[in-house]
Amino acid sequence: MSSEKQYIDLYCENRELIDAHSAPAMNALREDALAAFQTLGFPSRKMERYKYTDVATAFAPDYGVNLKRFGFPVNPYDAFRCGVPNLSTSLYFMVNDQFADKASTRPHLPDRVVIDSLCKVAKEQPELVNKYYGTLARARKDSINALNTMLAQDGLLIYVPKGVVVERTIQVVNILRAEMDLMVNRRVLIVLEEGAQAKILFCDHSMDGHEFLTTQVSEVYVGENAHLELYELEETHTRNKRFANMYVDEKRNASATIDSITLNNGLTRNRTDVSLSGEYAEVNMYGCVVADGEQHVDNNTLIDHQAANCQSTELYKYVLDDKAVGAFAGRVLVREGAQKTVSQETNANLCATKTARMFSQPMLEIYADDVKCSHGSTVGQINDAALFYMRQRGIPEEEARLLLKFAFVGEVLDSIKLDALRDRLHFLVEQRFRGELGKCSGCGPNACSTR
Amino acid sequence: MLEIRDLHASINGKEILKGVNLTVRDGEVHVLMGQNGAGKSTLSNVIVGHPAYEVTQGSITFNGKDLLAMKPEERAHEGIFLSFQQPVEIPGVSMVNFMRSALNAKRKYQGLEPMPAGEFLKLAREKRKIVELDNKLANRSVNEGFSGGEKKRNEIFQMAMLEPTLSILDETDSGLDVDALRIVAEGFNKLRTPQTSAIVITHYQRLLDYLKPDVVHVLINGQIVKTGGPGLASEIEKRGFDWIKEEAGL
């Protein structure tokens, strides 16, 4: 039996149940998604975009699903107490794909800003969802999109209306919680209307030692003159598989900063697809990956310069230890007519052991003739001269290695505009390199890691 | 303090040191001279434990302890310091972090608590004055963007912070203008005590005018072939090395 069949069967046998526990806006796209998934199947590694991650194998095991929407007993505050000191956030929790309504403190938000369960809003205020849902993340474009659209029943909606500035950082903690191996299909919709501004921090945690398979499809609309800062921090565990597709569309004069930080995981595949569809739009993408053991992190990005006078920067850094595998494929596409594009793409990697492997593939595709674009990639080892210099000064070898690795990713962390978050991440990354992340005292048992 | 006996060492299978004998006592400053490729830097690298060099024969003891059995960091903790010919740039590691890690590692080795941050910064400020190093450099990454002169002054600053008992200055005078040379040399002199010793590698008399060495050695083809007083250095400056080679029958 192929990996696809169990998911097709799952859907076909549970159509009514899935629909009954979801919303019309989401249900409306399922049949189309099924057709797309049947056509596409899971991508083989012959497909350029999926060259570095074996998708079919990851989806082959039989995971449980929670189609009936049982609530797993969890007190998010027990699971996750390590907030970001000195960063006052509006805190929300997602347990698997469910918005943890009771747990959230309902922080005071500016008028008409909505942060809620996607399914609930889709029923109560369909006009906020219908217009956007499934328009960027088309099922026919990608198998993960198709599978997620077919099965996802809920998720998160963040809506900031025209001209509204949300000063406080919105922090969403995604907690994976189960009593068996579980598949989670989560959907995220973020809409910043014209002139809106928001800073959003996602933290991924897994609470139990069970295996998790997560698909997450996010659609992010950044309207004219709107500004978004989006930070994603993954701190799950080695039995977690994450397939996350994010589609961002930026209109005229919009700007977005997208930071993706993978500190602890099992298998991670992030696809980030940014369209600069309006003139003078800007995107800054940063990525930081720290992996060891047999962890696998694959970041696949596309920056699509559709309009003229846009700017993009991309900087991803990986530190790989043990037998970790890293992959980065970043494609920058400058379309015909996207004149005066300025784009810079860098991927730098440190393989700290001989068995760690890194695949790096920066790509630049230009169809306009008046642009300034650059791309580059490096894979290196720890600098022996620096290491010896430090040891000669009395710094023990292990400590010196740690300082060098830490220094390497420091450049990415320094890009974080929120001071408190930057400090916190410096601390977490250092802990990670010291192998102490699992001992984080702020969290409840098993919250951060069961390594 | 330092006893080197019949030291043979090689790099990539090529023997560079071919039986070096050297004794440095407390408070002495020794000068090591010799043509390029004679083995001066190899000797200093072997003393500090550079992993690229292999000791094939002989011994080095430091205050009675077997130095060759120690890791580079342990040798540093025991009080050995090398002022690098080419100080390494370490982007992303701040001078402050670097120095604090080094100092506290040594304190740990000595059974002391880490130095409180305030005390550390005060100490660093004082020591920086010795070599007239700009305080602004403290916030930069180690040696990154430092001028040649600043790098060398930074080496002596680190020496001042770590208070070694044996310092090795490997061409610390190279690339320095006369003012910078004076600052570095005077800084070094301020740090001297009757208990601290040094091995100075140089090609030039001008540094030695400041340092007033006790003993001068000439290293040729991996061996010390001549040892003399301070006058030997000025003689070499005038006459070169050929006469020493002839004398030694090389």
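**What about the overall build of chain A?**
Piece 1. Scanning chain A from terminus to terminus reveals 11 helices and 19 strands.
Piece 2. In terms of overall dimensions, chain A is globule-like: its C-alpha atoms have a radius of gyration of 21 Å, near the 22 Å expected for 451 residues.
Piece 3. Considered along the principal axes of its C-alpha atoms, chain A spans approximately 70 × 55 × 50 Å.
Piece 4. Counting only residues that meet the buried cut, chain A has 53% of its 451 residues in that class.
Piece 5. When contacts within chain A are restricted to residue pairs at least 6 apart in sequence, long-range pairs at least 24 apart make up 84% of them.

**What about the overall build of chain B?**
Piece 1. When helices and strands are tallied, chain B shows nine helices and 12 strands.
Piece 2. Seen along its three principal axes, the alpha-carbon backbone of chain B occupies a region of about 60 × 40 × 35 Å.
Piece 3. Across the 250 residues of chain B, 42% fall into the buried class.
Piece 4. Within chain B, contacts between residues at least 6 apart in sequence are counted, and of these 72% link residues at least 24 apart.

**Quick word on the interface of chain B and chain A**
Piece 1. Each side of the interface is counted separately: chain B has 19 residues, and chain A has 17 residues.
Piece 2. Of all the elements in the fold, those that place two or more residues in the side of chain B that touches chain A are helix H2 (72–78), strand E7 (90–94), helix H3 (95–109) and helix H5 (148–162) of chain B.
Piece 3. Of the residues contributing to the side of chain B that touches chain A, the split by class is 12 nonpolar, five polar and two charged.

**Thoughts on the sheet that holds strand E1 (residues 89–95) of chain A**
Residues and elements named next belong to chain A.
Piece 1. The strand order across the open sheet built from 10 strands is E2-E1-E5-E7-E9-E11-E13-E15-E17-E19, with neighbouring strands paired in mixed fashion. Every other strand in the sheet has two partners, leaving strand E2 (98–99) and strand E19 (372–380) as the edge strands with one partner each.
Piece 2. Sheet topology places strand E15 (residues 311–320) next to strand E17 (residues 342–351); 10 bridges connect them, and they run parallel. Each residue of the ladder has a partner; that of Tyr318, found in E17, is Asn349.
Piece 3. Set on the sheet, helix H10 (residues 397–413) makes contact with strand E13 (282–291), E15 and E17; between it and E15 the angle comes to about 160°.
Piece 4. Sitting on the sheet, helix H11 (residues 419–433) is in contact with strand E7 (197–206), strand E9 (227–235), strand E11 (255–264) and E13, with an inclination near 25° to E11.

**Structural notes on the packing of helix H9 (residues 384–392) of chain A against H10 of chain A**
Residues and elements named next belong to chain A.
Piece 1. Axis separation between H9 and H10 bottoms out at 9 Å; the angle between their running directions is 130°. When the interaxial angle is binned, H9 and H10 end up oblique. Where H9 crosses over H10, the handedness of that crossing is right-handed. Between H9, through Ala386, Leu387, Met390 and Arg391, and H10, the contact on the second element is made entirely by Glu397, Ala400, Arg401, Leu403 and Leu404.
Piece 2. Of the residues contributing to the contact of H9 with H10, the split by class is six nonpolar, no polar and three charged.

**Some points on the sheet that holds strand E4 (residues 53–62) of chain B**
Residues and elements named next belong to chain B.
Piece 1. The four strands lie next to each other as E2-E1-E4-E5, forming an open sheet whose pairing is antiparallel. Single-partner strands in this sheet number two, and they are strand E2 (14–24) and strand E5 (65–66).
Piece 2. With two bridges joining them, E4 and E5 adopt antiparallel strand pairing. Bridge pairing in E5 links Phe62 to Lys65.

**Some remarks on the confidence of the model for chain A**
Parts of the prediction with low pLDDT should not have their coordinates interpreted in detail.
All names here are of chain A.
Piece 1. This prediction gives chain A a mean pLDDT of 91; 92% of its residues lie at or above 70.
Piece 2. Ranking the helices and strands of chain A by mean pLDDT puts strand E14 (residues 296–305) first, with 98, and helix H5 (residues 76–79) last, with 60.
Piece 3. Note that residues 438–451 has pLDDT below 50 and, in this model, 31 contacts with residues that lie over four places away or in other chains.

**Some details on the environment of Val218 of chain B**
Piece 1. Following the sequence through the fold, Val218 of chain B ends up in strand E11 (residues 215–220).
Piece 2. Measuring from C-alpha to C-alpha, the distance between Val218 of chain B and Pro87 of chain B comes to 25 Å, with 131 residues separating the pair along the chain.

**Considerations on the packing of H10 of chain A against H11 of chain A**
Residues and elements named next belong to chain A.
Piece 1. Running from N to C, H10 and H11 cross one another at 150°; their axes reach a closest spacing of 10 Å. By the angle between their axes, H10 is roughly antiparallel relative to H11. Pair H10 / H11 crosses with right-handed handedness. Counting all contacts with H10, which are made through Leu402, Lys405, Phe406, Val409 and Leu413, the residues of H11 involved are Arg422, Leu425, His426, Val429, Glu430 and Phe433.
Piece 2. In terms of residue class, the contact of H10 with H11 is built from seven nonpolar, one polar and three charged.

**Observations concerning H5 of chain B**
Residues spaced three or four apart along an α-helix point in a common direction, a consequence of the helix completing one turn every 3.6 residues.
Residue and element names in this part refer to chain B.
Piece 1. The terminal C-alpha atoms of H5, which comprises 15 residues, lie 22 Å apart, in line with the 21 Å expected from a rise of 1.5 Å per residue.
Piece 2. Of all 15 residues making up H5, 11 are buried, and the element is well covered by its neighbours.
Piece 3. Those residues of H5 lying buried are Lys152, Arg153, Asn154, Glu155, Ile156, Phe157, Gln158, Met159, Ala160, Met161 and Leu162.
Piece 4. As for H5, its buried residues are in contact with strand E6 (80–83), H3, helix H4 (117–130), strand E9 (166–170) and helix H6 (178–191).
Piece 5. Positive phi appears at Glu163, one or two residues downstream of H5, with a value of about 45°.

**Remarks on H6 of chain B**
Residues and elements named next belong to chain B.
Piece 1. When the terminal C-alpha atoms of H6 are compared, their 20 Å separation across 14 residues agrees well with the 20 Å that a helix rising 1.5 Å per residue should span.
Piece 2. Buried within H6 are the following residues: Leu181, Ile183, Val184, Ala185, Gly187 and Phe188.
Piece 3. Where the residues of H6 are buried, they touch H4, H5 and helix H7 (205–211).

**A closer look at the environment of Gln171 of chain A**
Residue and element names in this part refer to chain A.
Piece 1. One can find Gln171 in strand E5 (residues 169–176).
Piece 2. Each C-alpha atom of the pair Gln171 and Ala33 lies 30 Å from the other, and the pair is 138 residues apart in sequence.
Piece 3. Those residues within four positions of Gln171 in sequence are excluded, and the remaining contacts are Thr89, Ser90, Leu91, Tyr92, Leu201 and Cys203.

**Focus: the confidence of the model for chain B**
Piece 1. Summarising the model, chain B shows a mean pLDDT of 94, and 100% of its residues fall at 70 or more.
Piece 2. Predicted complex metrics record ipTM = 0.97 and pTM = 0.87.

**Digging into unusual backbone geometry**
Residues and elements named next belong to chain A.
Piece 1. Its identity is not glycine, yet Asn309 carries a phi of approximately 65°, on the positive side.
Piece 2. Structurally, Asn309 is set in the loop between E14 and E15.
Piece 3. Overall, Asn309 belongs to the partly exposed group, with 18 C-beta atoms counted inside 10 Å.

Criteria and thresholds
- Residues numbered from 1 in each chain as written.
- Chains lettered and ligands numbered in written order.
- Predicted model: local features only at pLDDT ≥ 70, side-chain atom pairs only at ≥ 80, totals over all residues.
- Helix = DSSP H or I, 4+ residues; strand = E, 2+ residues; numbered from the N terminus.
- Rg over C-alpha atoms; globule rule 2.2 N^0.38 Å.
- Buried ≥ 20, exposed ≤ 12 C-beta atoms within 10 Å, placed from the backbone.
- Contact = placed C-beta atoms within 7 Å.
- Nonpolar A, V, L, I, M, F, W, Y, C, P; charged D, E, K, R; others polar.
- Pairing = 2+ DSSP bridges.
- Axes fitted to C-alpha atoms, helices over the stretch in contact; angles between N-to-C directions.
- Parallel < 35°, antiparallel > 145°, perpendicular 65-115°, else oblique.
- Left-handed = near helix turned anticlockwise from the far one by under 90°.
- pLDDT = per-residue confidence, 0-100.
- Expected span 1.5 Å × (residues − 1).

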